[in-house]
Amino acid sequence: MARAVKRSSDGGDARRERWRAHREARREEFVDATIRALTKHGPDVGMDEIAAEAGVTKPVLYRHFADKSDLYLAVGQRGTDLLMNRLKPALVDEGTPYERIYRAVDSYLATIEEFPELYHFVVRRSFTDKPVETDIATEDKRIIANTLARLLGDYLRAFDMDSGGAEPWAHAAVGMVQAAGDWWLERQSMTRQSLSDYLTKIIWFAVDGLLRSGGIAIDPQVPLSLQPNPPLRLVEPDTQGEDGDDRRARG
């Protein structure tokens, strides 16, 4: 008798798991439909257009999402996953300092260029019918900045420098790139490659200035693993020569 009860319980668990998997799959299908509808109708898309794109009625959508805000968060999470899947390799793959900065900047700009309506849908938050607890755009910036801060902190510590500024530097860089991306999507006054190059130069000059403030110079076109070890040390200002050149390496 106990064995029969156990089999019945197992069967119920299996059915619940199948139903949960089915609901998750349907939610993903409706997120896909929402992104397609965004491409057709823009960031002010409505539930009618989304339902039509999904081939269902609005009541069916609301059986899988509690409200419009729930759907907004699901779409925003898809956008976050898409962005991070492209950014992470750019941040962690090997290369020269300049290449790594350029790859990260260009990966971000390439993503918002490919999905501008999705980007505006997430940033504007006009679709939601009530306040949402999660600010997806802010959360994305936090995730990217924290990843960048860990990398920058590791580099600063490797050069025996204070890593306390890594986090604010990372957040400042990410905020700058996002603001420039907003401007660029609106204006389209230059190519993506040109903007990526401009932003990369700004970020590199900031990193270079930070390193030089600690008396260290590295070549942006040489991978860190191939840089001189110990790194090139700059002459301190109070020991500069008569010609005023304080950028000569110590002997």
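Residues numbered from 1 in each chain as written. Predicted model: local features only at pLDDT ≥ 70, side-chain atom pairs only at ≥ 80, totals over all residues. Heavy atoms only, no water.

What follows is about the overall build of the chain. For the chain, the count of helices and strands is nine helices and two strands. Here the chain holds 251 residues, and 39% of them are scored as buried. Restricting the contact set of the chain to residue pairs at least 6 apart, pairs at least 24 apart contribute 61%. When the accessible surface of the chain is split by element, carbon and sulfur atoms take 53% of a total near 14,500 Å². (Helix = DSSP H or I, 4+ residues; strand = E, 2+ residues; numbered from the N terminus. Buried < 20%, exposed > 50% of the residue type's maximum accessible area, 1.4 Å probe, protein only. Contact = heavy atoms within 4.5 Å. Areas by Shrake-Rupley, 256 points an atom, 1.4 Å probe, with all protein chains shown as cover.)

Summarizing the sequence annotation, UniProt attributes the feature "DNA-binding region" (unreviewed entry) to residues 46-65 in the numbering used throughout. Its end C-alpha atoms 14 Å apart, residues 46-65 is made of 75% helix and 0% strand. (UniProt positions renumbered as here; feature names shortened; annotations may be inferred.)

Within this model, the largest pocket holds a volume of roughly 950 Å³. Contributing to the lining of the largest pocket are 49 residues, with Leu91, Ala104, Ile144, Leu148 and Val174 lying nearest its centre. Among the secondary structure elements, those contributing two or more residues to the lining of the largest pocket are helix 4 (68-92), helix 5 (97-114), helix 6 (116-124), helix 7 (136-158), helix 8 (166-187) and helix 9 (192-213). Per-element tally for the lining of the largest pocket: the top contributor is helix 7, with ten residues. Its residues assigned to classes, the lining of the largest pocket comprises 40 nonpolar, six polar and three charged. (1 Å grid on protein atoms, 1.4 Å probe; cavity = no way out; pocket = protein on both sides within 12 Å on 5 of 7 lines; lining within 4 Å. Points joined across faces, edges and corners; volume = space filled by probe spheres on them. Nonpolar A, V, L, I, M, F, W, Y, C, P; charged D, E, K, R; others polar.)

Here we come to unusual backbone geometry. Residues other than glycine seldom take positive phi values, yet Asp160 does so here, at roughly 60°. Looking at the element boundaries, Asp160 is found in the loop between helix 7 and helix 8. One non-glycine residue, Gln188, lies in positive phi territory at about 50°. Its place among the elements puts Gln188 in the loop between helix 8 and helix 9.

Here the focus is the packing of helix 8 against helix 9. Axis separation between helix 8 and helix 9 bottoms out at 11 Å; the angle between their running directions is 160°. Taken together, the axes of helix 8 and helix 9 lie roughly antiparallel to each other. Considering how the two elements wind past one another, helix 8 and helix 9 form a crossing that is right-handed. Counting all contacts with helix 8, which are made through Trp169, Met176, Val177, Ala180, Trp183 and Trp184, the residues of helix 9 involved are Arg192, Leu195, Leu199, Ile202, Ile203, Ala206, Val207 and Leu210. Its residues assigned to classes, the contact of helix 8 with helix 9 shows 13 nonpolar, no polar and one charged. (Axes fitted to C-alpha atoms, helices over the stretch in contact; angles between N-to-C directions. Parallel < 35°, antiparallel > 145°, perpendicular 65-115°, else oblique. Left-handed = near helix turned anticlockwise from the far one by under 90°.)

Below, the discussion takes up the packing of aromatic side chains. This structure, assessed with the given rule, holds two aromatic pairs. Note on Tyr72 and Phe121: the rings are 5.6 Å apart at their centroids and 50° apart in plane angle, and the pair reads as tilted. Of the two residues, Tyr72 sits in helix 4 while Phe121 sits in helix 6, which places them 49 residues apart along the sequence. Each member of the pair Tyr72 and Phe121 is classed as buried. (Phe/Tyr/Trp six-rings, centres within 6.5 Å; stacked < 30°, edge-to-face > 60°.)

Summed over all chains, the structure comprises 14 salt bridges. Shared partners join several salt bridges into a network, and the residues in it are Glu28, Asp32 and Arg78. (Salt bridge = Lys/Arg side-chain N within 4 Å of Asp/Glu carboxyl O.)

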